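Inside the fold
Next come the chains, spelled out residue by residue.
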Amino acid sequence: MVLFRFITKDVWVGSRVRQFKMVDHPGAAAVLAVQDGKVLLVEQYRPAAGRQMLELPAGTIDRSESPLDCARRELEEETGYSAENWEVLGHIYPTPGYTNEVLHLFCASGLTKGEQRLEEGEDIDVRWIPLEEVEAMIDRGEINDAKTIISVLKYLRKTRQQS
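Structural notes, computed from the coordinates. (Residues numbered from 1 in each chain as written. Predicted model: local features only at pLDDT ≥ 70, side-chain atom pairs only at ≥ 80, totals over all residues. Heavy atoms only, no water.)

Points about helix H3 (residues 146–162)
Given a rise of 1.5 Å per residue, 17 residues ought to cover 24 Å, and the 24 Å separating the end C-alpha atoms of H3 matches this to within 8%. Among the residues of H3, those classed as buried are Lys147, Thr148, Ser151, Val152, Tyr155 and Leu156. Buried residues in H3, looked at end-on, bunch into an arc of 150 degrees, giving them a common side. Opposite the packed face of H3, turned more than 90 degrees from it, sit the exposed residues Arg157 and Gln161. (Helix = DSSP H or I, 4+ residues; strand = E, 2+ residues; numbered from the N terminus. Expected span 1.5 Å × (residues − 1). Buried < 20%, exposed > 50% of the residue type's maximum accessible area, 1.4 Å probe, protein only. Arc of directions from axis to C-beta.)

Below you can see the structure in the form of structure tokens.
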């Protein structure tokens, strides 16, 4: 199954048509799972970054599923957890300079532990880290993944406004 396509798009810019080459992407979903003041993160090697990265569970939306269904599936596959409560945190365009990808952000709670179901070739470690430590890791530059930073900061802002 082809998930990504390279396309050329003609766009009017000013008084003329310009061509833009981009990646056509079906979209993705990420899950900020919080329980007892801790955040569920996954650690995996990211070849494009050339390093291990600590980030939220996330993945590409299958063409036949909703963003929420993708978030549920990815949480279960990558971490083994399922969640009873789901909240939309919004969506972002992670790299609009070269792709039309929309990344849907969710917050999950009421977690139940199950079995990790990794795809072939995946090597993912699951880690629970206190929310305050995750925030400090972002501030120190130890967490560099955009979806994780944005989701955590949106969550912190929301919870602090409610206090």
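There's more to say after this.
Overview of the state of the cysteines
What the rule picks out here adds up to zero disulfides. In this model Cys70 remains outside any disulfide bridge; the closest cysteine sulfur is found in Cys107, 16 Å from its own. With a relative accessible area of 0%, Cys70 lands in the buried category. (Disulfide = S-S within 2.5 Å.)

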